Amino acid sequence: DGVAVIKEARRLQPDLFTLIITGHTGSYPIPELMADGTADIMFKPFHMNELRARLALAERRRKLIADLNAEKAALHAVSREMILGLQQELQARKQG
C-alpha cells in the first residue's frame, strides 16, 4: 500500500519531501496525504518539464524552511541571552 509506505516514511523522517506520481486518479486520499505533509501529487502522463518545475519548487521550499529554522534558532539564542542578561541585571540591583 503506497499510502502506508508514505506515512511510515514521513513518520521516520518528518522533513522528507514526498512527491507522488500515479496513474490512478481516484485511488489516493489526496486531502489526507497533503495534510500529512505530501508536497505534491502528479498524475500520469506528465511532461518532464512539469516534473522539473515541481522539483525546483520543492527544493526552493526546502531551502526556505531550512532558512526559517536557522533564523528561529538564532532568534531563540538571542532572546535567551537577553533574558539571562536581564536576570543578572535584576539580581545585581537587588544586591546593590
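Above this text you will find the structure in question.
Residues numbered from 1 in each chain as written. Predicted model: local features only at pLDDT ≥ 70, side-chain atom pairs only at ≥ 80, totals over all residues. Heavy atoms only, no water.

Participant: Please clarify how the overall build of the protein should be interpreted in this entry.
Facilitator: When you go through the protein residue by residue, the secondary structure sums to three helices and two strands. Ordered by position from the N terminus, the helices and strands of the protein form the series α-β-α-β-α. Taking 12 Å as the expected radius of gyration for a compact globule of 96 residues, we find that the protein reaches 22 Å, considerably beyond that expectation. C-alpha atoms of the protein, sized along the principal axes, occupy 75 × 30 × 20 Å. Within the span of the protein, comprising 96 residues, buried residues form 15% of the whole. A separation of at least 24 residues holds for 30% of the contacts in the protein among residues at least 6 apart in sequence. Accessible surface, the protein: about 7700 Å² in total, of which carbon and sulfur atoms supply 59%. On the protein, the mean spot of the 14 positive side-chain charges and the mean spot of the 12 negative ones are 2 Å from each other. (Helix = DSSP H or I, 4+ residues; strand = E, 2+ residues; numbered from the N terminus. Rg over C-alpha atoms; globule rule 2.2 N^0.38 Å. Buried < 20%, exposed > 50% of the residue type's maximum accessible area, 1.4 Å probe, protein only. Contact = heavy atoms within 4.5 Å. Areas by Shrake-Rupley, 256 points an atom, 1.4 Å probe, with all protein chains shown as cover. Lys, Arg positive; Asp, Glu negative; His and termini not counted. Charge placed at Lys NZ, Arg CZ, Asp CG, Glu CD.)

Treat this as a map of the structure, not an account of what it does.
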